[in-house]
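# Report on the structure
Chain by chain, the residues run as shown.
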Amino acid sequence: MSDEEYEYDYGSDADYDYGSDQENQEEVADDLVEIENSFFEADDIRTEEQSNAIELFEKVVRLEEARGDAVKWRFKALQHLVVLYFLTRKSTLMIDKYRHMLLLISSVTRNECTDAINVVLDAISAGTDVDALSQMYEITLEALKTANNERLWFSTNLKLARVYLEGGKISDVERVLLLLKETCQHPDGSDDLSKGSALLEVYCVEIQLCSYTLNAARMRSVYPRTMNISAAVADPRIIGTIREEGGKMLMAEGCWQEAYEEFNEAFRSYLEAGNPRAKACLKYVAIASMLALNVDINPFAAREAKVFSDDKEIVAMSDLRNCLEVNDITKFERILNNKQNRISAEPFILKYLQPLRTRMREQVLVNLTLPFSKVSFAHLAGELGLNVSEVEFLLTGLIVDGRIAGSMDQVGQTIQMRHAQPVPQQLREERYIGLSSWADHFN
């Protein structure tokens with residue numbers, strides 16, 4: 001049987017247009033290239049040329065929507081558009097694009113969804129429009145009802161609670177905290193320690209709420225619970241915040257040594273996390289150590305503190321502490337009053353400048369009286385630059401506290417020292433130096 005006996009009918013050229021098919025494929029390929037190029041061009045200029053980047057990202061969304069159900073590029077483009085509209089203060093467009101993005105979360109992977117939402121919420125967290133921020137978080141939580149992403153739901157609620165707190169919406173903070181606590185406690189209300197990390201995050205916000213509302217009693221109740229949760233599961237940023245607020249609570253109660261220890265832990269945690277709060281907390285460590293008269297340990301000599309050894313504000317705090325150690329009240333006041341040191345610019349530190357001045361004066365008084373058996377109020381007042389009544393008040397407190405052994409003659413305006421033991425050689429030398437200075441004054 002020859003080949004001629006077979007007929008092969010593949011159809012005529014009129015039935016199938018090869019040229020048309022090739023053109024369609026080329027058009028599809030061109031569309032994809034244009035979408036991809038537009039996206040990367042926008043991504044490259046989104047920091048410097050926000051308006052042009054917005055136009056290009058909007059183009060990406062339009063082009064991919066026209067192609068059908070694909071969301072690869074428009075989901076990412078919408079994420080960038082939300083942030084860009086936030087940065088350009090176009091809240092209505094920001095919210096509109098965010099709603100659009102959230103409609104697509106079922107078409108992307110769980111990780112893509114989580115990353116996109118976190119990027120957006122972290123970016124807008126610096127905003128000052130509390131109502132717009134609250135709406136963004138509420139939109140997110142509504143979208144997550146069907147997303148089956150418990151961790152993202154939890155973290156979003158935490159961020160929402162912080163937004164409410166910054167906006168002073170206390171009742172809303174309480175509502176969200178109650179909701180979060182239910183997810184990490186047993187039915188009887190006791191803490192589920194297997195969810196230690198989540199518990200710490202919730203308690204961190206509650207402690208900040210206590211600080212904001214000046215509710216010391218509630219703080220005293222909540223704070224110990226954080227100590228029962230293993231630090232091994234803790235984010236150092238969370239521990240830093242908890243310890244800092246604990247230190248502030250103890251400072252308000254005048255527990256200087258305990259506050260020093262809390263601030264020191266907060267400083268170390270912040271430093272570990274790379275949190276800029278570390279610098280402020282190191283200042284708090286210094287203030288607390290001076291008020292506690294903790295001169296045995298110099299916080300600025302610690303290895304961790306060396307990171308700030310060249311920072312002018314930290315150098316000023318270190319110099320301040322050195323003045324306390326050597327009883328140089330003149331330089332002490334000069335450092336405090338130097339605005340470039342920014343010591344009084346910190347609201348929290350400002351509250352403790354007067355107790356710090358008192359501590360410095362007390363320290364100087366203790367050392368001024370040591371070389372003498374009897375000294376007049378007037379002489380001490382002159383050394384300190386205070387009036388006699390102020391010196392008398394300080395001496396009374398020092399005697400009551402047992403830091404000065406002596407009795408006051410209020411009629412004669414003198415203090416009689418009682419040295420329980422022979423005066424050490426160093427103090428005898430200081431006494432002679434004091435007498436010499438006193439004699440020189442009359443020459």
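Please refer to the structure placed before this passage.
Just so it is clear, the model here is predicted, and its values are computed rather than measured.

### Considerations on the packing of aromatic side chains
- If you walk through the whole model with that rule in mind, you get ten aromatic pairs.
- Between phenylalanine 263 and tyrosine 284 the ring centres are 5.3 Å apart and the planes differ by 55°, which places this aromatic pair in the tilted class. Here tyrosine 284 lies in helix 13 (residues 277-291) and phenylalanine 263 lies in helix 12 (residues 256-273), a separation of 21 residues in the sequence.
- Between phenylalanine 263 and phenylalanine 348 the ring centres are 5.9 Å apart and the planes differ by 75°, which places this aromatic pair in the edge-to-face class. Residue phenylalanine 263 is located in helix 12, and its partner phenylalanine 348 is located in helix 16 (residues 347-350); the two are separated by 85 residues in the primary sequence. A single burial state applies to phenylalanine 263 and to phenylalanine 348, both of which are buried.
- An aromatic cluster of at least three residues, connected via ring pairs, comprises Trp256, Phe263, Tyr284, Phe348 and Tyr352.
- For the cation-ring pair, lysine 76 lies above tryptophan 73, with the distance from its terminal atom to the ring centre recorded as 5.2 Å.
- Across the ring face of phenylalanine 348, the terminal group of lysine 248 is positioned such that the distance to the ring centre comes to 5.5 Å.

### Side note on the packing of helix 10 (residues 216-227) against helix 11 (residues 236-252)
- Where helix 10 contacts helix 11, the axes come no closer than 11 Å and their chain directions differ by 140°. One finds that helix 10 runs oblique with respect to helix 11. Between helix 10 and helix 11 lies a crossing whose hand is left-handed. Two secondary-structure elements touch here, helix 10 through Met219, Arg220, Tyr223, Thr226 and Met227 and helix 11 through Ile242, Arg243, Glu245, Gly246, Met249 and Leu250.
- Here the residues of the contact of helix 10 with helix 11 sort into six nonpolar, two polar and three charged.

### Quick word on the nonpolar core
- Residues Tyr98, Met101, Ile117, Met251, Phe263 and Ile287 are the most contacted members of the largest nonpolar core, which totals 131 residues.
- Not counting chain neighbours up to four residues away, the residues in contact with phenylalanine 263 comprise Glu244, Gly247, Lys248, Met251, Cys281, Tyr284, Val285, Ala288 and Phe348.

### Thoughts on the pairing of strand 3 (residues 414-417)
- Direction of pairing for strand 1 (residues 374-376) relative to strand 3: antiparallel, over a ladder of three bridges. Residue pairing for strand 3: valine 375 is matched across the bridge by isoleucine 415.
- The pairing of strand 2 (residues 406-409) with strand 3 spans four bridges and is classified as antiparallel. Across the sheet, residue aspartate 409 finds its bridge partner in strand 3, namely threonine 414.
- Hairpin connection, strand 2 to strand 3: the antiparallel pair is bridged by four residues, and glutamine 413 has positive phi, about 55°.

### Overview of the pattern of salt bridges
- Inspection of the entire model under this criterion finds 28 salt bridges.
- Note that lysine 59 and glutamate 34 form a salt bridge whose closest N and O atoms lie 3.1 Å from each other. Of this pair, lysine 59 sits in helix 2 (residues 50-67) while glutamate 34 sits in helix 1 (residues 18-45), and the two are 25 residues apart along the sequence.
- With relative accessibility at 25%, the residue lysine 59 sits in the partly exposed group.
- The salt bridge involving glutamate 206 is made with arginine 218; its shortest N-O contact spans 2.9 Å. Highlighted residues: glutamate 206 in helix 9 (residues 196-213) and arginine 218 in helix 10, separated in sequence by twelve residues.
- Classification of glutamate 206 by relative accessible area gives buried; the value is 4%.

### Re the sheet that holds strand 2
- Taken together, three strands build an open sheet; the order of strands is 1-3-2 and the sheet is antiparallel. At either end of the open sheet lies a strand with only one pairing partner, and these are strand 1 and strand 2. This sheet shows a mean twist of 20° between the axes of neighbouring strands, independent of strand direction.

### What to know about the side chain of glutamine 79
- Within the secondary structure, glutamine 79 is located in helix 3 (residues 72-87).
- When its relative accessible area of 15% is taken as the criterion, glutamine 79 is described as buried.

The rules we used
- Residues numbered from 1 in each chain as written.
- Predicted model: local features only at pLDDT ≥ 70, side-chain atom pairs only at ≥ 80, totals over all residues.
- Heavy atoms only, no water.
- Phe/Tyr/Trp six-rings, centres within 6.5 Å; stacked < 30°, edge-to-face > 60°.
- Helix = DSSP H or I, 4+ residues; strand = E, 2+ residues; numbered from the N terminus.
- Buried < 20%, exposed > 50% of the residue type's maximum accessible area, 1.4 Å probe, protein only.
- Lys NZ or Arg CZ within 6 Å of the ring centre and 35° of its normal.
- Axes fitted to C-alpha atoms, helices over the stretch in contact; angles between N-to-C directions.
- Parallel < 35°, antiparallel > 145°, perpendicular 65-115°, else oblique.
- Left-handed = near helix turned anticlockwise from the far one by under 90°.
- Contact = heavy atoms within 4.5 Å.
- Nonpolar A, V, L, I, M, F, W, Y, C, P; charged D, E, K, R; others polar.
- Core = buried A, V, L, I, M, F, W, Y, C linked by side-chain atoms within 4.5 Å.
- Pairing = 2+ DSSP bridges.
- Salt bridge = Lys/Arg side-chain N within 4 Å of Asp/Glu carboxyl O.

Limitation: the analysis is restricted to geometry and does not speak to function.
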